[in-house]
Amino acid sequence: MQILDKESLKNISQEATQLLIKLIETPSFSKEESGTALIIESFFASKNIPTKRKQNNIWAYNQYFDPGKPTLLLNSHHDTVRPNTSWTLDPFSAMMEDGKLYGLGSNDAGGCLVSLIHTFVYFYDRKDLKYNIIIAATAEEEISGKEGLEIVVPELPEIDFAIVGEPTEMHLAVAEKGLLVLDCKAIGRSGHAARDEGDNAIYKALQDIIWITNYQFPKVSPTLGPVKMSVTIINAGSQHNVVPDACTFTIDVRATDQYTLEEIIEEIQKNIQSEISPRSIRLRPSSIPIEHPIVRAGIALGRNTYGSPTTSDQALLDCPSLKMGPGHSGRSHSADEFIYLHEIEGGIAQYIEMLEAVMVS
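A look at the pattern of salt bridges
Then comes step 1: Within this structure, the stated rule accounts for 16 salt bridges.
Then comes step 2: Notably, a salt bridge pairs Glu 32 with Arg 82, separated by 3.0 Å at the nearest N-O pair. Of this pair, Glu 32 sits in the loop between helix H1 (6-24) and helix H2 (34-46) while Arg 82 is found in the loop between strand E3 (71-77) and strand E4 (95-97), placing the two residues 50 residues apart along the sequence.
Then comes step 3: Assessed through its relative accessible area of 54%, Arg 82 is described here as exposed.
Then comes step 4: Taking the shortest distance from any N to any O, the salt bridge between Asp 183 and Arg 279 comes out at 2.8 Å. Highlighted residues: Asp 183 in strand E9 (residues 178-187) and Arg 279 in the loop between strand E14 (275-278) and strand E15 (286-287), separated in sequence by 96 residues.
Then comes step 5: Beyond isolated ion pairs, a larger network of salt bridges with shared partners links Arg 126, Asp 128 and Glu 356.

Structure follows, in structure tokens:
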């Protein structure tokens, strides 16, 4: 096993930090990531590493890519949300203070991305790898867009497992809930509110909402817990004296690995009278076995395993995938977002150590 000495790690993490500063100082809202895509392309070019690009997605293969070997995908995103009104700092001015690097996207997921990029560079020209490695810096993750990782995956060879960089404090998210958004419509019949007329669609919707509130799917995931349903939007009526003939509401469903999204839709439709229209069945639950070598390597380093309730680009991958990265999920999308510099250095060290344990002959 190749050993990464402290001085080399320090140099790598400093270079990663400089790349992150450039990314922070270049706005990259979802669907507007062309500037950061160019920065990432230029970084790889400076290392003489060829890249491929589709829209604002950049990816690269290790130098000795062998079609006969299994393949690992390293992935994180370079788009950000828009800064909220509570920011007191300039979100696009990377500022270092007290061991922290402030800036929009520093924690979610810039620190993860630059750590994975530098991990890839570390292994790029190694001949002793059991796996190929692909790095993909992708777009539109923050809006679950269709022009991000989803258009990259068909361009890649079969992926045997993936590491998706999201801030987890380098703990091991071995499962992630999927997301299912259902638009529902209760149908009634209009009438005058002063008379005993009509069939109130709100009352029909309420019956369905009560069922949604009380129902529990019987199968519970050991890592993700139960399927969770929440009614988050409701709309009905045109004026106070008209019985509404329609009531629409939206259900946010956080799915687990115990059910397919299709099974969840079928169960809900069987029990409510409202019409159901799923917005998408793209964002599926994902997981990786506890016994997988990459998970065992993380556990050997003292990291914890857990199931993540939040959705990431893991949902777009059909292979076993592990969500893991430097930073803290609680800082994501927050005002004055930051990442600790030691988290970047520690993230690179752990990524490399785990991959050395799994990938080296």
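Describing the sheet that holds strand E18 (residues 338-340)
Then comes step 1: Spatial strand order, E4-E5-E18: three strands in an open sheet with antiparallel pairing. The open sheet has two edge strands with one neighbour each: E4 and E18. For this sheet, the mean inter-axis angle between neighbouring strands, taken without regard to orientation, is 25°.
Then comes step 2: Across three bridges, E4 lies against strand E5 (residues 100-102) in antiparallel orientation. Bridge assignment links Glu 97 to a residue of E5, and that residue is Lys 100.
Then comes step 3: Across the sheet, helix H3 (residues 106-123) touches E5 and E18, and the angle it forms with E18 is around 45°.
Then comes step 4: Set on the sheet, helix H8 (residues 341-359) makes contact with E4, E5 and E18; between it and E18 the angle comes to about 60°.

Looking at the nonpolar core
Proteins that are soluble and globular tend to have nonpolar side chains buried together.
Then comes step 1: Core analysis: the biggest nonpolar cluster contains 54 residues, and Phe 44, Phe 120, Ile 163 and Ile 294 have the highest contact counts within it.
Then comes step 2: Sequence-distant contacts of Phe 44, that is, excluding residues within four places in its chain, are made with Ile 49, Thr 51, Ile 58, Ile 117, Phe 120, Val 121 and Ile 135.
Then comes step 3: Residues Leu 180, Val 227, Ile 251 and Ile 265 belong to the second largest nonpolar core, which totals 24 residues.

Comments concerning the packing of helix H7 (residues 293-300) against H8
Packed helices, taken two at a time, are described by the angle their axes make and the gap between the axes.
Then comes step 1: Relative orientation of the contacting elements H7 and H8 amounts to 130°, with a least axis distance of 9 Å. Relative to H8, the element H7 is oriented oblique. Crossing hand, H7 versus H8: right-handed. Across from Pro 293, Ile 294, Ala 297 and Gly 298 in H7, the residues of H8 making contact are Met 354, Leu 355, Ala 357 and Val 358.

Criteria and thresholds
- Residues numbered from 1 in each chain as written.
- Predicted model: local features only at pLDDT ≥ 70, side-chain atom pairs only at ≥ 80, totals over all residues.
- Heavy atoms only, no water.
- Salt bridge = Lys/Arg side-chain N within 4 Å of Asp/Glu carboxyl O.
- Helix = DSSP H or I, 4+ residues; strand = E, 2+ residues; numbered from the N terminus.
- Buried < 20%, exposed > 50% of the residue type's maximum accessible area, 1.4 Å probe, protein only.
- Pairing = 2+ DSSP bridges.
- Axes fitted to C-alpha atoms, helices over the stretch in contact; angles between N-to-C directions.
- Contact = heavy atoms within 4.5 Å.
- Core = buried A, V, L, I, M, F, W, Y, C linked by side-chain atoms within 4.5 Å.
- Parallel < 35°, antiparallel > 145°, perpendicular 65-115°, else oblique.
- Left-handed = near helix turned anticlockwise from the far one by under 90°.

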